[in-house]
Amino acid sequence: MSQLMFIVASAHLVYCPFTKVEESFNIQAIHDILYYRFNISQYDHHEFPGVVPRTFLGPMFISLLAAPIVCIFEALDINKFWTQYLVRTILAACVVCSFSLLCKTLEKQFGSRWMQWFIAVTITQSHFMFYLSRPLPNIMVLPLVLLALDGWLRNDNKSFILFSGASIIIFRAELTLLFGILLLSDLYCRRITLKRLFQIAVPGGIAFLMLTVIVDSIFWNRPLWPEGEVLWYNTILNKSSDWGTSPFLWYFYSAIPRGMAASLFLMPIGFILDVRVRKVVVPALLFVLLYSFLPHKELRFIIYVFPFLNVAAATACHRIWENRNKSPVYHFLSLGVAGHLAVNVIFTLFLLSISGTNYPGGTAIARLHRLAKEEPNVKLHICNLAAQTGVTRFTQYNENWTYSKKENLLPGDYELYQFTHLIAEAKSKFSTSLKPYVATHDIIDTIEAFHQVSFNYLSIPPVKIKTKPVLFTLKRKPNYKELLHIQGEESVEENPESSEDGKSGSQENLPLDDESVGSADKNAWIKKGLRPRCYRPLNCFKYYLSTKHSRTFF
């Protein structure tokens, strides 16, 4: 059954191969470890460190497993994007292996037929399977969490404490809530003594803390405990709310229903039918309740509880199905529990189709590599939205191209004209952000992303996913300088106050390429009041609209 789970996770991966900003650190770190190795100065996190530091231990482990195959890829000259598939597949395999160990423990308690329902319920749901291969911090720690839960169910105190300690200290400090609840229940039921707890936890905790501090201090080039800084940022400073807040019960009325789909309605039945179910479901719900006090909420923050919640749903399915021949009522209910899996699949496919439209940056750079594959020496600037929605160093695989994600560049800035191609954010080709490039660039591609879901009961299917343009790929024209300098007197911005004699400096022209003018020279010209036409985007736009060719641009 674990093979089936791996196949489903791989299907999600293939349909949505790109990553988002939340996954950026881990996916970039894996790339850098695999390709830059000991040249840490070239690592992405030095240029884009993120809001808080993250540990390199997870990326190091995935990279270690992927390294032999990556060497083969390099020998065969296979582009790096296939490596992104590889490392995500390895991450999914790690989670599935840990999950299979948890399944074996659950199977001993509930039976083999029950296990079939448990696997069926899990693989037909959306979010758990979708996240399985995603290099989020929550998924990087998920194998350890599953092993800790397995140790807790087996009453293996050493495994439970060590795996939970590694999860908390190295990866996710908020897991203290989940494992703390389980530990308190063990202490209350006398499954473990305080003496035994300290004998395992103290040396283990010190070892894990030293490991992350030593390793991550080397990579970050400063003494630090990454998860300690994250804990301080999110809880003490409560800065996580800067990224959005949700109502207190959001996890209960939004996240869990979306994660469980139709299985949600079976969870209370399983909770009532079997006391063993309550043992695992109650701690999971308490964790969600306590975690709800943090105002910033995302489904991935509680991804760890879905296996335990599915225990209740699988128990309800198993009981009803086994009793299907006892009465017409059970027979009718058995059809319902079987049919609810189909509902889960439909809902999963619907969400997956939406997710496929949420990575415009990855789509943009993949298309550009196909459109410009014959062009040498491409210089590409990637806007912030594209960098957050799919562009990684794995997608920058053409060695003859130059890629830049430099931030804080406004449309029409001098530096942007030095790139042969731009991936720019805009809502339409008439947007103000594209006006500076009307005369000098051609739009060669338009990328749309998810906008909304519409319902029309008269159409088939009645539900449609609407998208809207969010990114445009622009190609600079060969004669872009001539278009910017249509007339000598219009190529610069006059400022009578800039010269001592009060005369205009319109006779002087500023070159537009970095090879002919340095940054110091460019700044000197600007101080004189002279600016290249790229600083006057509306003038370019007005001029181009006045020509007879203006309509061909659109």
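What you see is a predicted model, and the numbers here were worked out from it, not measured in a lab.

### A short note on empty space enclosed by the protein
Then, in step 1: Per the counting criterion, the structure on display carries one cavity of 30 Å³ or more.
Then, in step 2: The volume enclosed by the largest cavity comes to roughly 80 Å³.
Then, in step 3: Surrounding the largest cavity, N26, P53, R54, T55, P137, M140, I170, F171, P226 and E227 form its lining.
Then, in step 4: Put simply, the parts of the chain that give the lining of the largest cavity at least two residues each are helix 8 (137–140), helix 10 (157–171) and helix 13 (226–236).
Then, in step 5: Looking at the lining of the largest cavity residue by residue, the classes come out as six nonpolar, two polar and two charged.

### Remarks on the sheet that holds strand 1 (residues 379–382)
Then, in step 1: Across the sheet, which stays open at both edges, the five strands sit in the order 2-1-3-5-4 with mixed pairing between neighbours. Of all the strands in the sheet, just strand 2 (402–404) and strand 4 (441–455) have a single pairing partner and so form its edges. Taking each pair of neighbouring strands and ignoring which way they run, the sheet shows an average axis angle of 20°.
Then, in step 2: Pairing geometry for strand 4 and strand 5 (residues 463–476), over 13 bridges, is antiparallel. Paired with A449 across the bridge in strand 5 is K468.
Then, in step 3: Of the strands in this sheet, strand 1, strand 2, strand 3 (421–425), strand 4 and strand 5 are in contact with helix 19 (residues 360–371), which crosses strand 4 at around 145°.

### Re the packing of aromatic side chains
Then, in step 1: Enumeration according to the criterion identifies 26 aromatic pairs in this entry.
Then, in step 2: Ring plane angle 50° and centroid distance 5.8 Å describe the contact between F99 and F128, whose orientation is recorded as tilted. In this pair, F99 sits in helix 5 (residues 81–110) while F128 sits in helix 7 (residues 127–131), placing the two residues 29 residues apart along the sequence.
Then, in step 3: Overall, F99 belongs to the buried group, its relative accessible area being 1%.
Then, in step 4: An angle of 75° between the planes, with centres 4.9 Å apart, marks the rings of F248 and F293 as edge-to-face. Separated by 45 residues along the polypeptide, F248 in the loop between helix 13 and helix 14 (250–260) and F293 in the loop between helix 16 (275–291) and helix 17 (306–322) bring together distant segments of the chain.
Then, in step 5: Directly above the ring of W152 sits R191, whose terminal nitrogen or CZ lies 5.5 Å from the centroid.

### Here we look at the packing of helix 6 (residues 112–124) against helix 18 (residues 328–355)
Then, in step 1: Interhelical geometry of helix 6 versus helix 18 gives an angle of 25° and a closest axis separation of 8 Å. Here helix 18 runs roughly parallel to helix 6, going by the angle between their axes. Contacts from W117, A120, V121 and T124 of helix 6 reach helix 18 at V337, A338, H340, L341, N344, V345 and T348.
Then, in step 2: Class assignment of the residues belonging to the contact of helix 6 with helix 18 gives a composition of seven nonpolar, four polar and no charged.

Scoring rules and cut-offs
- Residues numbered from 1 in each chain as written.
- Predicted model: local features only at pLDDT ≥ 70, side-chain atom pairs only at ≥ 80, totals over all residues.
- Heavy atoms only, no water.
- 1 Å grid on protein atoms, 1.4 Å probe; cavity = no way out; pocket = protein on both sides within 12 Å on 5 of 7 lines; lining within 4 Å.
- Points joined across faces, edges and corners; volume = space filled by probe spheres on them.
- Helix = DSSP H or I, 4+ residues; strand = E, 2+ residues; numbered from the N terminus.
- Nonpolar A, V, L, I, M, F, W, Y, C, P; charged D, E, K, R; others polar.
- Pairing = 2+ DSSP bridges.
- Axes fitted to C-alpha atoms, helices over the stretch in contact; angles between N-to-C directions.
- Contact = heavy atoms within 4.5 Å.
- Phe/Tyr/Trp six-rings, centres within 6.5 Å; stacked < 30°, edge-to-face > 60°.
- Buried < 20%, exposed > 50% of the residue type's maximum accessible area, 1.4 Å probe, protein only.
- Lys NZ or Arg CZ within 6 Å of the ring centre and 35° of its normal.
- Parallel < 35°, antiparallel > 145°, perpendicular 65-115°, else oblique.

Keep in mind these numbers describe shape, not what the thing actually does.
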